[in-house]
Structures are given as C-alpha cells and as structure tokens.
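Secondary and tertiary structure notes
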Amino acid sequence: MGEKQRKLLVLYASQTGNALDAAERIGREAERRGCPASIASTDEFDPSSLPHEESVVFVVSTTGQGDSPDSFKEFWRFLLQRNLGNSWLQRLRFAVFGLGDSGYQKYNFVAKKLDKRLLDLGATTIIEKGLGDDQHPSGYEATLDPWMLSLWSTLYQINPKYFPKGPDVMIPQDELTDQPKYRILYHKQETLEPELMAESDIIERARGMSPGKLSKDKTKPDCFLKMTKNEVLTKAGSTKDVRHFEFQFVSSSIKYEVGDVVELLPSQDSSAIDAFIKRCHLDPESFITVCPRETENNGSYGEVIKHVPIKLKTFVELTMDVTSASPRRYFFEVMSFYATDEREKERLQYFASAEGRDDLYNYNQKERKSVLEVLVDFPSVQMPFEWLVQLVPSLKPRAFSISSSPLAHPAQVHLTVSVVSWTRYKRTLKGLCSTWLASLTPEQEINIPVWFRKGSLPAPPQSLPLILVGPGTGCAPFRGFIAERAVQAETSPIAPVMFFFGCRNKDTDFLYRDFWESHAREGGMLSEVKGGGFYTAFSRDQPKKVYVQHKIREMRKKVWDLLCDGAALYVAGSSTKMPCDVMSALEEIVMEETGGSKEMASRWLKALEKAGRYNVEAWS
C-alpha cells in the first residue's frame, strides 16, 4: 500500500458567508486534484485536536473594526491559553487566508493575529498568509486565485501524495464532476399532519434546513415586532431619505440595553419570488425538506425526519436571496453545465475561468446583478433545484443599532434607518431591507421576525462621563443613551455627556434636531451646566467642509479634561474613514496635552480601548 493518502482540513470563521464561500472553493479545488478535504467552522471543531492534524488551511474574515466573527471567539480563546507552549503544534503545517477591507484601520487583523499565534505555538507555514481585500476591483478572489495555485504546488513539493492527480488539474468542461451537497425530498400533501405551525416555527424550520446557515446561528426568531410609526427625518432637498421607525413587541417581549443591535429578516418582493419560481420551473405549492446528501451514506435518516416539510415557495421566500444579492463565481461554473445554448455555454465557461474573472466582476458584482437577473440573461440554463438551494446566496437578516432606551421607551424598539438606493449603469438599485421597511405602514400590522444581540457599544453606567461621536445615522445609539440618562437623572446624579453630531446640511439633514437641542438647553443632558455639551458639524453649509473631527479638535481642552476624569469614548457611523479621522484628532489632542510622541499617543488610546473606554461601531 505504501504511504496513506494525505488529507486537507479547511477551517473557516465567517460572519457574512464570504469566508465560508472561500473555504468551500479551497476544498473543491483540493478534491479536484485528488486530495480529500473536510471543511468545518471554527466553532464546530475541537481546537484541542489541532496537534493531531497534519495540514490545515484557515480562512478567516475580519469585520469592520478589526473584530473576529462570533464563530471564532471560543476557538481563539483556546489558542491564547498560556500553558500550550511553543512546541504544542510542532507537527502542524498550516496556511492562513484572510478576508478584510483595506478601507478600515485594522485590515485583516484576525488573519494576521492567527498567523502569528500559530507560529508562536510551533506550527510551520506552508505558504505566506494571503490577504483578500474587499476594496480590490475583483474582490478577495484577486488574491485567492494565485494564493491557491501557490498552495497546491508547495503542498505537492512537500509530499506528492497530497495530489495523486498532480497540482495542476484541468476541469473537464463538458461534464459536471461535483455533486450538489443537498438533496430535496418532495412530500405528498396528504401525508402531512394538518398541524397549524406558528410563524416562528416555520421560520425556524426553513432556516434550519437552509445551507446558508452559518455554523450555530439561531434559526428561531427571538420574537416579532410590529411597526407603529414610520416617519421621514430628512427634509425636502436632502440627498438622503432617513426614517425613524417605531415598533412594539408582538406577544412576547425581549429585554435589551442601549447600544444593542437588532437584526430583522426582510421580506422579498412577492412578484420577484413568483418570477424566480416560474423561471426555474418549480412548483410553489409542493412540500419539501432539504437535507445534506451525506445522510444517504451514514444512515442517520433521523436527521431528515425531524424536519417538518414546508412549502417550496415559503422556503424560497425565507432563505434564498433571489432579488438583492449577486451570485458567486461557482454559480456561473455550475450554470455552464446546464446551458443548452452554445453561445451561453461559452460565455459562462469564460466567466468561470481565471481569464474571465475581471469581466465576470464587471458583469456581476459591479452591476450588483441579482440571481433572478442572471438567470433571465441566460434563458437556456435549467438548473436543478438542489443546485439552486446550495448556490443562491442565503437571505440574511439586516442589523441596525437600536435608537431607543428600554427605560424611556418601555415595550418599544426604535430604529434610525437610511433608505438605501443608488444608480449603477443606468439601473436604480435599492437596499432590500431599508426599502421594504420604508414601504410599510402601521395599518398593515406585519409581524417582522427579529433577533437581538450585543453590538460593540456596551451600555455605560450612569456614573461614567461620555464623549459621543455620531455623525449621520451614527447618532442612533446615542439617542438611546441620552434618553436613558434623562430618566436616570430624575432620581440620581449622572455624569456629563459631550456629543459631536455631523451631517451635510443643517436645514435638511439634522436628524432628531429638537431632541438634541432640548437636551443642550439649561439643565438638559447635554448642557454646559451639567458639564457636557452638544457640538455640530454641517459639512456642506460653508465652502470649506467641516466634519466631526474638526469640532473635536476645536473642543480639545474640554475633551482632554473629560478623558482625565475617566470618560469613555463612543464612536458610531456609516463611514469607513470617519473612525480613523476621529482617532487621528484624538491622537493630536493627547500629543498636545502630554507633550508625547505620536507612538505614545497611539499607545495611550490603545490602552483606553483595552480598558473598554474606547468603543467603535461602524457599518458600511
């Protein structure tokens, strides 16, 4: 027999699904070269068994402010244990591929720290870490393609047993060697128990069967919200449409704190769902269960049974994003095998090739083509539903900072949402969730499934002085902070609050103007009397643009005094650059006040961050 077949383990940590996608691609490419690969999320893998692995590829994403995905946190804590020692992983060979965005300060921070820690524990790198960048015209794949080729040739040099078929394999263009990873079982309606399923059970069942489920996501909603108010905050003449939404809990309520985040599952346009079902020749009324293909071999049929069948149309509506997300490159590759028109087949094969990558990016991601639009562009393609279930991007809940306080607004949840729409190549594109919310009225009484979670802005104790920076919709969480302090102030003393707000024009974009100004008056939460202050930057109201960081510099003395009194900094907003600009302004203040160097100021702010007194929540 000789030496046994080598295997590759691919571990991923994904927040939105991109790292999972990249991990699956690495696994597929390894198997095409004859090397069996297993893929697992870092929260489904026991880190104590790492020393027994031979070769592991890590694919990890970094979220905006340098945070790791939730599924990575336990795994990372394990790796940080002091008692592991510098030879714990001496038998392990590894490679790290990171997904990040160079528009942010802590670009690919998670991949970099993982790479360093594995080396500290005695592991050996197969090849230098790869860093995928969202800012690149072709996205992370621009780095992943050459990085993978290098990975295969280096592994082959280490031991040819990895790739019995050699490191450079050509995919046959006329036969699809891959199998879909899921199978669909169709059920006769009569065999179903005529039970009345609660809405939350239907959602839990549909999303529990969906391949798009990222590791241990909660599939059952925490509760449902019903809209009670939909108010436009921006005035006529503004370039933006920002809404204030109010919701009440339906049946059960959830305890939350200021600074928390709520995730909403949006509804897709029903005519688009119907068009997708018609285009794919599916029966919307059929009842289905979706299960991983492995269950055929390993006999765990019980896994399948526990899924109660649901209507195909319901499954598509709740789990498959057919109207707003662009499909991945692999979608085009699989499509090419089902194209019966020669010209379409050639074009799809070109899109799936390395040479066609940039043209695919221009056709697909750059124009933000939806799955439905792509399928309409290639009418000869008839893809089996199994493949669609696997490859159509999953419908994801959208996250928003809560702008209410449970103390000031009992049994309510408020959100401040910018309704997203932009023009690309003469096509008007709209944000799925914000557009849907803006179209709702309280009279419709629609139940919206939601999940609550902690964001990166911890609720502050009332004795903690605050410096808040929240331009645009970044003011949302701070409306909750200040409303909460106003209630607390009625019964006990509270610490001072400085708030820096910014927008384009005072007359059209000044969100919650009356609220802030009433609190800036005598005795209010933001009044000078209370040791605080309210400072505004209207960037377009004068020839030279003025932003929040300029106002922070103007108020340097007061900012420094408050920091010396133990204040915490909170920064929130929808810009990639703003948090960096605010950080630079604060560095300047620290340098000026202490006479120290830029490095010293940077260390001072890092120590503040470590102590939980510098919190940033940014969204793109």
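Up top is the structure.
Since the model is a prediction, treat every value here as computed from it, not as a measurement. (Residues numbered from 1 in each chain as written. Predicted model: local features only at pLDDT ≥ 70, side-chain atom pairs only at ≥ 80, totals over all residues. Heavy atoms only, no water.)

1. Quick notes on the overall build of the protein chain
Looking only at helices and strands, one finds 22 helices and 22 strands in the protein chain. In terms of overall dimensions, the protein chain has a C-alpha envelope of 80 × 60 × 50 Å along the principal axes. A burial count over the protein chain gives 51% of its 620 residues as buried. In the protein chain, the proportion of contacts linking residues at least 24 apart, taken out of those at least 6 apart, comes to 79%. Split by element, the accessible area of the protein chain, about 28400 Å² in all, is 50% carbon and sulfur. Distance from the positive charge centre (79 side chains) to the negative charge centre (82 side chains) of the protein chain: 3 Å. (Helix = DSSP H or I, 4+ residues; strand = E, 2+ residues; numbered from the N terminus. Buried < 20%, exposed > 50% of the residue type's maximum accessible area, 1.4 Å probe, protein only. Contact = heavy atoms within 4.5 Å. Areas by Shrake-Rupley, 256 points an atom, 1.4 Å probe, with all protein chains shown as cover. Lys, Arg positive; Asp, Glu negative; His and termini not counted. Charge placed at Lys NZ, Arg CZ, Asp CG, Glu CD.)

2. Examining the side chain of Thr 319
Looking at the secondary structure, you find Thr 319 in helix H9 (residues 312-319). Here Phe 315 takes part through its backbone oxygen, which lies 2.7 Å from a polar atom of the side chain of Thr 319. Beyond its immediate chain neighbours, meaning those up to four positions away, Thr 319 contacts Ala 206, Arg 207, Ser 210, Pro 393, Ser 394 and Leu 395. (Polar contact = N/O pair within 3.5 Å; in protein donor to acceptor, adjacent residues only side chain to side chain.)

3. Topic: the packing of aromatic side chains
In total, this model carries 31 aromatic pairs according to the counting rule given. Ring geometry for Phe 72 versus Phe 75: centroids 5.8 Å apart, planes at 40 degrees, classification tilted. For Phe 72, a relative accessible area of 0% puts it in the buried group. Ring centres of Phe 510 and Phe 534 lie 6.3 Å apart, and the angle between their planes is 25 degrees; on these two criteria the pair is classed as stacked. Here Phe 510, found in the loop between helix H17 (506-509) and helix H18 (513-520), pairs with Phe 534, found in strand E20 (residues 533-538); they are 24 residues apart in sequence, far enough to count as distant. Its relative accessible area of 6% is what places Phe 510 among the buried residues. Judged by relative accessible area, Phe 534 falls into the buried class, the value being 17%. An aromatic cluster of at least three residues, connected via ring pairs, comprises Phe 478, Phe 481, Phe 499, Phe 501, Phe 510, Tyr 512, Phe 515, Trp 516, Phe 534, Phe 538 and Tyr 570. The residue whose ring lies beneath Arg 28 is Tyr 330, and the NZ or CZ to ring-centre distance is 3.3 Å. (Phe/Tyr/Trp six-rings, centres within 6.5 Å; stacked < 30°, edge-to-face > 60°. Lys NZ or Arg CZ within 6 Å of the ring centre and 35° of its normal.)

4. Things to note about the sheet that holds strand E7 (residues 182-187)
Strand order in the open sheet formed by three strands is E7-E11-E12, and the pairing between neighbours is antiparallel. Each edge of the open sheet is held by one strand with a lone partner, namely E7 and strand E12 (310-311). (Pairing = 2+ DSSP bridges.)

5. Examining the pairing of strand E16 (residues 427-430)
Side chains Arg 427 and Leu 429 of E16 all project onto a buried face; the interleaved residues Thr 428 and Lys 430 project onto a face where none is buried. Two strands pair when backbone bridges link them, and strand E15 (residues 421-424) and E16 are joined in this way by four bridges, in the antiparallel orientation. Considered in E16, the bridge of Arg 424 is made with Arg 427.

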